[in-house]
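Below are the chains, spelled out letter by letter.
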Amino acid sequence: MLITKIRCLACNHKGEIEIIGRPPSATPDRLFKYLDDRDDIDNLHCRCPRCKWELIVNPMQLLGPGAIIGVPLCKEEAMACADRERRAATVL
């Protein structure tokens, strides 16, 4: 079974990745649009419906359990998000 749950690292919004050829089970405000017009063949690209950031998804995450994490395309924003994520993890 293909895992379609995703979380945006920029705004922490959770939803579902659009799968072409399959009707979405998520509402439009939780549906991460798949962007298939990118030249990057190593990563998947999608757009967060809340913050509108273009996110990069490592395709290997599809093979693992749990939700996929979408990292913002902008490197500076991605680094800031990763720092916030690390700080949040240490608080737990």
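For the structure, see preceding data.
Just so you know, these numbers come straight off a predicted model, no measurement behind them.

**Remarks on the overall build of the chain**
At step 1: Counting its regular elements, the chain contains 1 helix and 6 strands.
At step 2: Of the regular secondary structure in the chain, the N- to C-terminal order runs β-β-β-β-β-β-α.
At step 3: By residue count, 27% of the 92 residues in the chain fall in the buried class.
At step 4: In the chain, 31% of the contacts between residues at least 6 apart in sequence involve partners at least 24 apart.

**Examining the sheet that holds strand β3 (residues 31-34)**
At step 1: With respect to topology, 6 strands assemble into a closed barrel ordered β1-β2-β3-β4-β5-β6, the strand pairing being mixed. Taken over all neighbouring pairs, the strand axes of this sheet differ in orientation by 40° on average, direction set aside.
At step 2: As paired elements, strand β5 (residues 54-57) and strand β6 (residues 68-72) share 2 bridges and run antiparallel to each other. Across the sheet, residue I56 finds its bridge partner in β6, namely V71.

**Some points on the pairing of strand β2 (residues 14-17)**
At step 1: Sheet analysis places strand β1 (residues 5-8) next to β2, joined by 3 bridges and oriented antiparallel. When the bridges of β2 are listed, I6 appears paired with G15.
At step 2: Here β1 folds back onto β2, and the loop between the two strands holds 5 residues, one of which, N12, carries a positive phi near 70°.
At step 3: Here β2 pairs with β3 via 2 bridges, running parallel. Note on β3: the bridge partner recorded for E16 is L31.

**As for the state of the cysteines**
At step 1: This model, assessed by the stated rule, comprises 0 disulfides.
At step 2: Here C11 stays unpaired: no disulfide links it, and the sulfur of C48, its closest cysteine neighbor, is 3.7 Å away.
At step 3: Not engaged in a disulfide, the cysteine C51 finds its nearest cysteine sulfur in C8; these two sulfurs lie 3.7 Å apart.
At step 4: We classify C51 as partly exposed; its relative accessible area is 26%.

**Remarks on the environment of W53**
At step 1: Within the secondary structure, W53 sits in the loop between β4 (44-47) and β5.
At step 2: Placed 43 residues apart in sequence, W53 and A10 show a C-alpha to C-alpha distance of 7.7 Å.

Cut-offs applied
Residues numbered from 1 in each chain as written. Predicted model: local features only at pLDDT ≥ 70, side-chain atom pairs only at ≥ 80, totals over all residues. Heavy atoms only, no water. Helix = DSSP H or I, 4+ residues; strand = E, 2+ residues; numbered from the N terminus. Buried < 20%, exposed > 50% of the residue type's maximum accessible area, 1.4 Å probe, protein only. Contact = heavy atoms within 4.5 Å. Pairing = 2+ DSSP bridges. Axes fitted to C-alpha atoms, helices over the stretch in contact; angles between N-to-C directions. Disulfide = S-S within 2.5 Å.

Geometric descriptors of this kind do not, in isolation, establish any biological role.
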